[in-house]
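Read off the chains here:
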Amino acid sequence: MTLPFISELEKGSKNALVKKAIIKYYINNVTSTIPELSKEMNLSIPTVTRIINEMCEEGFITYHGKIDSKGGRRPSVYGLAPASGYFLGVEIKRQHINIGLANFIGEIIAREFHIPYDSTKEPQHILDEICEQINEFVDGCEIPRHNVLNACVAISGRVNPASGYSFSSFNFSETPVSEMMSERIGIPVGIDNDTRAMTYGEQMRGCINGEKDFLYINLSWGLGLGIVINGSVYGGKSGFAGELGHVNTFDNEEMCHCGKKGCLETEVSGMALHRELLREVRAGKSSILSARMADEPENVSLSDIVDAVNSDDSLCIELVEEIGHKLGKQVAALINLFNPELVVIGGIIAGVQEYLLQPVRQGVRKYSLSLVNRDSRIVCSRLGEKSAVIGACLLARNKLLEQV
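Just so it is clear, the structure is predicted and the values come from calculations on it, not from any experiment.

It is worth spelling out the overall build of the protein chain at this point. A tally of helices and strands in the protein chain yields 14 helices and 15 strands. In terms of overall dimensions, the protein chain has C-alpha extents of about 75 × 50 × 35 Å along its principal axes. Counting only residues that meet the buried cut, the protein chain has 53% of its 404 residues in that class. When the accessible surface of the protein chain is totalled, it reaches about 18,700 Å², and 48% of it is carbon and sulfur. Of note, the protein chain has its 40 positive side-chain charges centred 8 Å away from the centre of its 50 negative side-chain charges.

In structure tokens:
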């Protein structure tokens, strides 16, 4: 199944272009009357009425009833039909995947998180296992597979959405990973950076309330930056924008996974937090995670550390606050550069909330220009771990509409 006007668009049909514009309008505005839509599209009411009737027959627009009027006829309200198509969003984490399925209006109707995979396998076998898990999820939904119109997979690191290549993961073949996944699951697949997916999810369904210029800090095992300028997520020339974690910041001997020393990520990331907790425990400091860190440190997750912080573990709180102060200095620089309305801190570690926000805000006040930082609020993500899956579903919808 595909949108019925896609083939018309490929032929340059003006009627199809109007239909595409109407769908985008309803994505942002939910519902409207025909007169409102006519004004927005700069088209006559009879023309818009005809097109809306066609889209109702095609099943992509639905009638929502009439609204009260001060006089004359009560106008009819229309909006997107939720069941007219579905979009798959997948987030690939270090040892598990998260999956969601959204309807055409962007509501998540099915989801499954923390599906483990064997990360010790070779990359091609990991990809096969992940695709099998995606197929099991889709087959377990009540939605016929042919009604899933598009999919987006969020992957960490350097990702080029236009070419479909991931340069940090699954780069074992000359074939783009997006193409390999499309073949394995039978659904068109696009890929994007996980932080950008989180940023877009937050923009569309999270704590963004009309702000057009904001930054999203993804503080998980690594450190990523999402940039929104004038309402659009910025990706850079090749999709590599936002590699905040690999800004050379420290004069240390910690080797970053990128192969360089001194990266911000070596001291401000989940990897750094886990490493420092292990060092402190081995040095004799006490934590509610001490026994596990001593016996099986590889099985202590960031979620475990977040839970320890929220349980008032003094050592974990101290380490998170240290990271917060260092991050605050960098956020101050970003505020000086971008002058954003909002800075959202997301990712696993943002689950500690105020334990992280307070030192970040202190760093911003200390290191940024006061005239600039007064424009910027700093908050934690509202969506939490759901942000990447929601964002991936909505990016899949966007990419379908923009493919022609």
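Structure's up, so let's keep going.
Glancing now at helix H11 (residues 314–338). The end-to-end C-alpha distance of H11 is 35 Å, a good match for the 36 Å that 25 residues give at a rise of 1.5 Å each. N-cap assignment for H11: the residue whose side-chain oxygen lies 3.2 Å from the backbone N of Leu-315 is Asp-313. Immediately beyond the C-terminal end of H11, within one or two residues, lies Asn-339, with a positive phi of roughly 50°.

Quick look at helix H5 (residues 123–140) now. With 18 residues, H5 extends 26 Å from end C-alpha to end C-alpha; this agrees with the ideal 26 Å at 1.5 Å per step. Restricting attention to buried positions, one finds in H5 the residues Ile-126, Leu-127, Glu-129, Ile-130, Cys-131, Gln-133, Ile-134, Asn-135, Phe-137 and Val-138. For H5, the elements touching its buried residues are strand S4 (86–92), strand S5 (96–103), strand S6 (108–116) and helix H6 (177–185).

A few words now on the packing of aromatic side chains. Between two aromatic rings, the relevant description is the distance of the centres plus the angle of the planes. Scanning all chains against the criterion turns up six aromatic pairs. Ring plane angle 50° and centroid distance 5.6 Å describe the contact between Phe-87 and Phe-104, whose orientation is recorded as tilted. One end of the pair, Phe-87, is in strand S4; the other, Phe-104, is in the loop between S5 and S6, and 17 residues separate them in sequence. The pair formed by Phe-87 and Phe-104 is uniform in burial state, with each residue classed as buried. Considering the side-chain rings of Phe-167 and Phe-240, the 5.7 Å spacing of their centres and the 85° angle between planes classify their relative orientation as edge-to-face. Taken together, the residues Phe-167 in the loop between strand S9 (165–166) and H6 and Phe-240 in the loop between strand S13 (232–234) and helix H8 (270–282) connect sequence positions 73 residues apart. Under the relative-accessibility criterion, Phe-240 is labelled partly exposed at 33%. Taken together, Phe-60, Phe-87 and Phe-104 form an aromatic cluster joined through their ring pairs. Over the ring of Phe-113 we find Arg-111, and its NZ or CZ is 5.4 Å from the ring centre.

A side chain with one charge can pair with a side chain of the opposite charge if their charged atoms come near. Here the structure, examined in full by the defined rule, presents 21 salt bridges. Taking the shortest distance from any N to any O, the salt bridge between Arg-275 and Glu-254 comes out at 3.7 Å. Placement of the pair is Arg-275 in helix H8 and Glu-254 in the loop between S13 and H8, with a sequence separation of 21 residues. The exposure class of Glu-254 is buried, given its relative accessible area of 18%. Residues Arg-292 and Asp-304 are paired through a salt bridge, measuring 3.0 Å at the closest nitrogen-oxygen approach. With Arg-292 in helix H9 (residues 290–295) and Asp-304 in helix H10 (residues 302–310), this residue pair connects regions lying 12 residues apart in the sequence. On the basis of relative accessibility, which here comes to 31%, the residue Arg-292 falls in the partly exposed class. Via salt bridges that share partners, Lys-19, Arg-50, Glu-54 and Glu-58 belong to a single interconnected network.

Positionally, Ile-134 belongs in helix H5. Taking C-alpha positions, Ile-134 is 7.5 Å from Ile-99, a pair spaced 35 residues apart along the chain. The contacts of Ile-134, once residues within four sequence positions are left out, are Leu-88, Val-90, Ile-97, Ile-99, Met-181 and Ile-185.

Looking now at the sheet that holds strand S12 (residues 223–229). An order of S13-S12-S11-S14-S15 is seen for the five strands of this open sheet, with the pairing classed as mixed. Two strands in the sheet have a free side with no partner beyond their single neighbour: S13 and strand S15 (377–380). Ignoring which end each strand starts from, the neighbouring axes of this sheet average 25° apart. As defined by bridge partners, strand S14 (residues 342–346) adjoins S15 across four bridges and the pair is classed as parallel.

Our focus in this paragraph is the nonpolar core. Judged by nonpolar contacts, the single largest core of 44 residues is most densely connected at Ile-217, Leu-277, Leu-327 and Ile-345. When contributions to this core are tallied by element, the ones reaching two or more residues are strand S11 (214–219), S12, H8, H10, H11, S14, helix H12 (354–367) and S15. Ranked by the residues each element gives to this core, the list is headed by H11, at 10 residues. Excluding its chain neighbours within four sequence positions, the residues that come into contact with Ile-217 are Leu-223, Gly-224, Leu-225, Leu-244, Leu-327, Val-331, Leu-334, Val-343, Val-344, Ile-345 and Gly-346. Within the second largest apolar cluster, 32 residues are counted, among which are Ile-23, Phe-60, Phe-104 and Cys-152.

The rules behind each value
Residue numbers restart at each chain and count upward from 1, following the sequence in its written direction. The predicted nature of this model means local features are confined to residues of pLDDT at least 70 and side-chain atom pairs, given and counted, to a pLDDT of 80 or more, with totals for whole chains, interfaces and linings taken over all residues. The side-chain figures draw on all heavy atoms in the structure; neither hydrogens nor water molecules are used. Strands here are runs of E lasting at least two residues and helices are runs of H or I lasting at least four, both read from the DSSP assignment and numbered beginning at the N terminus. For every residue, the accessible area obtained with a 1.4 Å probe (protein chains only) is divided by the maximum for its type, and the residue is called buried under 20%, exposed over 50%, and partly exposed between those limits. What sets the accessible areas is the Shrake-Rupley method with a 1.4 Å probe; for residues, cover comes only from the shown protein chains. Lys and Arg are tallied as positive, Asp and Glu as negative. Neither His nor the chain termini are counted. Think of each charge as sitting on NZ of Lys, CZ of Arg, CG of Asp or CD of Glu. The length a helix should cover is 1.5 Å for every residue beyond the first. Between N or O atoms, a polar contact is any pair within 3.5 Å; within protein, one atom must be a potential hydrogen donor and the other a potential acceptor, and residues adjacent in sequence are included only when both atoms are from side chains. Note on contacts: a residue pair is in contact if any heavy atoms of the two residues lie within 4.5 Å. Any pair of Phe, Tyr and Trp rings, taking the six-membered ring for Trp, is counted once the centres come within 6.5 Å. Such a pair is stacked with planes under 30 degrees apart, edge-to-face with planes over 60 apart, and tilted for the rest. Distance and angle both matter: a charge sits over a ring if NZ of Lys or CZ of Arg is within 6 Å of the ring centre and within 35 degrees of the ring normal. Any carboxyl oxygen of Asp or Glu that lies within 4 Å of a side-chain nitrogen of Lys or Arg is treated as forming a salt bridge with it. For two strands to be treated as a pair, DSSP must find at least two bridges joining them. To obtain an axis, a line is fitted to C-alpha atoms, over the contacting stretch when the element is a helix, and the angle between two such axes runs from 0 to 180 degrees between their N-to-C directions. For this analysis, a nonpolar core means a set of buried residues of the types Ala, Val, Leu, Ile, Met, Phe, Trp, Tyr and Cys, connected via side-chain atoms within 4.5 Å.

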